[in-house]
Amino acid sequence: MLAQHPHGLATQVILAQSFSREQLKALAAKGLVVAREEALTASPRPDVDHLLADPALPLNREQAAALSVLHEQLDTYHPCLLEGVTGSGKTEIYLQLIEAVVGRGRQAVVLVPEIGLTPQTLSRFRRRFQVPVVALHSGLTDHERLDAWEAAASGRAPIVIGTRSAIFTPLARPGVIIVDEEHDGSYKQQDGLRYHARDLAVARAHHHAIPLLLGSATPSLESLAKARSGEWRHLPLTRRATRHAPAKLELIDLRGRPRQGGLIPPVIEAIRETLAADRQVLVFINRRGFAPTLACHACGWLAECDACDARMTLHRQPPLLACHHCDRRRALPESCPTCGSIDLRPLGSGTERTEETLAGLFPTVPVHRIDRDSTRRRDAFEQALAEVRRGEPCLLVGTQMLAKGHHLPHVTLVVVVNADAGLYASDFRALEQSAQLLVQVAGRAGRAAHPGRVLVQTLHPDDPHLRLLAERGYAPLAEQLLEERRAAALPPFRFLALLRLESAKEEAAGELGRLTAGALRGWLAEHTLPVDCLGPVPAPMERRQGRYHLQVMLGADKRSALHQACAWLTRWLEATPEARRTRWSLDIDPQTLS
């Protein structure tokens, strides 16, 4: 068999012909066969003359101007913020920049925020380039991850696409780092080794002296501040690649109106008209499950989690109560545990309830629900999107998984079921993140031949921030938020660190919090270090997963002073016996206060 294949055979092929590993080892021991490993990817140096499988698309004036700026400094650290409205052709700029970098024999790393975006991005890059393009994300097997890692480290793969952990990928010849949707909170690792992939991309590009491109339709306020100050180059794209302008937000007043599955009659009629025109509709509701909770209509009892300060979410598929913070599950009660009444009713709407309502209103139209529960199976997300992209009239019901960069060319109507969830949250970043999410989900409408429309249901149509976003867009709102942050001495004009303490015993967490804050204030006063210490205070959700959570916040105008205080605090905690009985972590530049 081997004699018929002078170039050799893969071990799996030989084993498939009923030979055993023991036979192969015996032959190798006698020197009759040779076993060696060969990489399955292409040659180390791509053929520059045959780099492209598909030709590059023509650029409009703004795209060409942005690309020319990027081409000016391909051999040095050159950070640029590409701020382009949704559908403005940011990906085409990425592709043509990578073409220039790979053509010079170097490698490119492209970061995307979600695993769900990786197949779409991979597909587009592999259609364009004839060189190996590898992926790195948590959905790979160990063997797949090792193959991709080795291909990047050896230089055989000129293009690496991945989620936040891909920023650690070793490269033989680094040439450019691109961070798509740079504002996205998914780039922050919230547990274990805490890091922000965007900030690491900045540090790594500086270390390798290569260009850095950060792209977004709704840049983070930190990135905007750097662009406004001139520290980063600002490249705006104000026009869509298609002839249609981005759809504007239409605020729909929810007050005093009857709802079906969270939708009011005028919105349901707009959905009906869109489907009648053979178009697709995306209904965005950022809440999984059937309803936010279950309540007794007789006594007011609410289904609350035993381990968290949170209510359990009602699910119908399968029927149960689930806590989305600790993942505890409980069977549905037959009667109220407080008063015995059987009049238990769901409160509010989640994706499952909206899906059920739409299926009842439009029985002949397919309804695709896309959330974390419906896409647990591998490739389920991509299969659902493939059905949608066929272009037949359908309804999509989904969470923020659908809002992040997906190209849905046949969607012309987007409905936001409730825009108020993040407007009045306690976290100072909540308004920024809510505005980004609204603009991103609105950007799914009208991306191809037909104009789009976005209906935003709200109980606060007169909110000044919401009206500014709807009437003038994200950029003016971001400018206003930056001024508010400057006045309040909050990031990006101040640097923060958050010490999180947690314990199964409330007294233990509180005692360590008071002890830590007192010791830190004393050390800061002794060394006259300009760092503020706030707390300890309970976390926004004090009890979570059966443990009590407290926080101490440090703030400083200079990062060097903050790091000096954090270094002392870390040493103090490691040497303090009480801290060994309590779980603690120190988060630099926290992206959430929860």
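Refer to the structure above for everything that follows.
The structure reproduced in this document is the subject of the present report. The model shown is predicted, which means the values in this text are computed figures rather than measured ones.

Basis of the calculations
Along each chain, residue indices are assigned from 1 in the same order as the chain's sequence is written. Totals for whole chains, interfaces and linings use every residue, but because this is a predicted model, local features are given only for residues with pLDDT of at least 70 and side-chain atom pairs only at 80 or more, for both listing and counting. Computation of side-chain values covers all heavy atoms of the structure but excludes hydrogens and water. The helix count covers DSSP runs of H or I at least four residues long, the strand count covers runs of E at least two residues long, and both are numbered beginning at the N terminus. Only protein chains enter the area calculation, which uses a 1.4 Å probe; residues under 20% of their type maximum are buried, those over 50% are exposed, and those in between are partly exposed. A pair of strands is treated as paired once DSSP finds two or more bridges between them. Interaxial angle, 0 to 180 degrees, is taken between N-to-C directions of lines fitted to C-alpha atoms, where a helix line uses only the stretch in contact. It only takes one pair of heavy atoms within 4.5 Å for two residues to be counted as in contact. What counts as a salt bridge is simple: a side-chain nitrogen of Lys or Arg found within 4 Å of a carboxyl oxygen of Asp or Glu. Reported orientations rely on four angle classes, namely roughly parallel under 35 degrees, roughly antiparallel over 145, roughly perpendicular from 65 to 115, and oblique for the rest. Helix crossings fall into two classes, left-handed where the near helix is turned counterclockwise from the far one by less than a right angle and right-handed where it is turned clockwise. Three categories are distinguished: nonpolar for Ala, Val, Leu, Ile, Met, Phe, Trp, Tyr, Cys and Pro, charged for Asp, Glu, Lys and Arg, and polar for the others, with Gly belonging to the last. An expected span of 1.5 Å times one less than the residue number is assigned to each helix. By nonpolar core we mean a set of buried residues, namely Ala, Val, Leu, Ile, Met, Phe, Trp, Tyr and Cys, connected to one another through side-chain atoms within 4.5 Å. Put simply, the grid is 1 Å and covers the protein atoms alone, a cavity is a trapped set of points that fit a 1.4 Å probe, a pocket is an open set with protein on both sides within 12 Å along at least five of seven lines, and lining residues have an atom within 4 Å of a point. Grid points are joined across faces, edges and corners, and a volume is the space filled by probe spheres set on the points. The patches described consist of residues with a relative accessible area above 30% and no salt bridge, like charges being joined within 9 Å and nonpolar side chains (Val, Leu, Ile, Met, Phe, Trp, Tyr) within 5 Å. Each accessible area is a Shrake-Rupley result for a 1.4 Å probe, and residues are judged covered by the shown protein chains and nothing else.

Remarks on the side chain of T121
Mapping T121 onto the fold places it in helix α5 (residues 117-128). Owing to a relative accessible area of 13%, T121 belongs among the buried residues under this scheme.

Remarks on the sheet that holds strand β19 (residues 495-503)
One open sheet accounts for four strands, arranged β20-β21-β19-β22; its pairing is antiparallel. Of all strands in the sheet, those bounded by a partner on one side alone are β20 (531-544) and β22 (583-588). Sheet twist, expressed as the mean angle between neighbouring strand axes with direction ignored, is 20°. Pairing analysis gives eight bridges linking β20 to strand β21 (residues 547-556), with the strands arranged antiparallel. For L534, the partnering residue across the bridge sits in β21 and is M553. Contacting β19, β20 and β21, helix α15 (residues 506-526) crosses the sheet at an angle of about 170° to β20. Across the face of the sheet, helix α16 (residues 559-575) comes into contact with β19, β20, β21 and β22 while running at roughly 170° to β22.

A few points about the pattern of salt bridges
Opposite charge on two side chains makes pairing possible when the charged atoms of those side chains draw close. A full pass over the atoms with the stated rule returns 30 salt bridges. For R272, the salt bridge is made with E269, and the minimal N-O distance between the two is 3.5 Å. Of the two residues, R272 and E269 both sit in helix α9 (residues 265-276), three residues apart, roughly one turn of that helix. Of the residues examined, R272 reaches a relative accessible area of 38% and is grouped as partly exposed. Judged by relative accessible area, which is 37%, E269 ranks as partly exposed. Residues joined in a network through salt bridges with shared partners are D75, R104 and R106.

Some points on the packing of helix α12 (residues 430-442) against helix α13 (residues 464-472)
For the pair α12 and α13, interaxial distance at closest approach is 11 Å and the crossing angle is 30°. Classified by the interaxial angle, the pair formed by α12 and α13 is roughly parallel. Two packed elements cross with a definite hand, and for α12 against α13 that hand is right-handed. Facing α12, whose interface residues are L431, A435, L438 and V439, α13 presents H465, L466 and L469. In terms of residue class, the contact of α12 with α13 is built from six nonpolar, one polar and no charged.

A short note on α16
In a regular helix each residue adds 1.5 Å, so 17 residues correspond to 24 Å; α16 covers 24 Å between its end C-alpha atoms and thus fits that length. Residues of α16 that are buried in the fold lie against β19, α15, β20, β21, α17 (577-580) and β22.

A few points about the pairing of strand β9 (residues 280-284)
Of all the five residues making up β9, five are buried; the element is thus mostly covered by neighbouring parts of the structure. Burial along β9 is two-sided: Q280, L282 and F284 facing one way and V281 and V283 facing the other are all buried. By the bridge criterion, five bridges tie β9 to strand β17 (residues 411-416) in an arrangement that is parallel. If you follow V283 over to β17, its bridge partner there is V415. Where β9 meets strand β16 (residues 395-398), four bridges bridge the pair, whose relative direction is parallel. For L282, the partnering residue across the bridge sits in β16 and is L396.

Observations concerning the nonpolar core
The biggest cluster of nonpolar side chains holds 68 residues, and the ones touching the most others in it are L282 and L396. Excluding residues that lie within four positions of it along the chain, L396 makes contacts with V281, L282, V283, H368, I370, V388, L402, L408 and V411. Residues L70, L95, I98 and I178 belong to the second largest nonpolar core, which totals 30 residues.

A look at empty space enclosed by the protein
A complete count under the given rule lists one cavity of 30 Å³ or more for this structure. Counted as a void, the largest cavity has a volume near 40 Å³. Taken together, L423, L431, S434, A435, L438, H465, L466, L469 and L477 make up the lining of the largest cavity. Of all elements in the fold, only α12 and α13 reach the threshold of two or more residues within the lining of the largest cavity. With four residues, α12 is the largest single contributor of residues to the lining of the largest cavity.

Details of a nonpolar patch on the surface
Where nonpolar side chains cluster on the molecular surface, the patch consists of M1, V13 and F19 and spans about 240 Å² of accessible area. Checked against the element boundaries, M1 lands in the segment before α1 (11-15). Taking relative accessible area as the criterion, M1 reaches 36% and is therefore assigned partly exposed.

With respect to the packing of α15 against α16
With their axes 11 Å apart at the nearest point, α15 and α16 run at an angle of 135° to one another. The angle between α15 and α16 falls in the class oblique. Where α15 crosses over α16, the handedness of that crossing is right-handed. Counting all contacts with α15, which are made through L515, T516, A519, L520, W523 and L524, the residues of α16 involved are Q564, A565, W568, L569, W572 and L573. Here the residues of the contact of α15 with α16 are counted per class, giving 10 nonpolar, two polar and no charged.

Re unusual backbone geometry
Here the amide bond leading from P491 into P492 is cis, since omega sits at 10°, within 30 degrees of zero. With respect to the helices, strands and loops of the structure, P492 is situated in the loop between α14 (474-488) and β19. In this structure, the amide linkage connecting G535 to the following residue, P536, adopts the cis form with an omega of 10°. Note on placement: P536 falls in strand β20. One non-glycine residue with positive phi stands out, namely E181, at about 50°.

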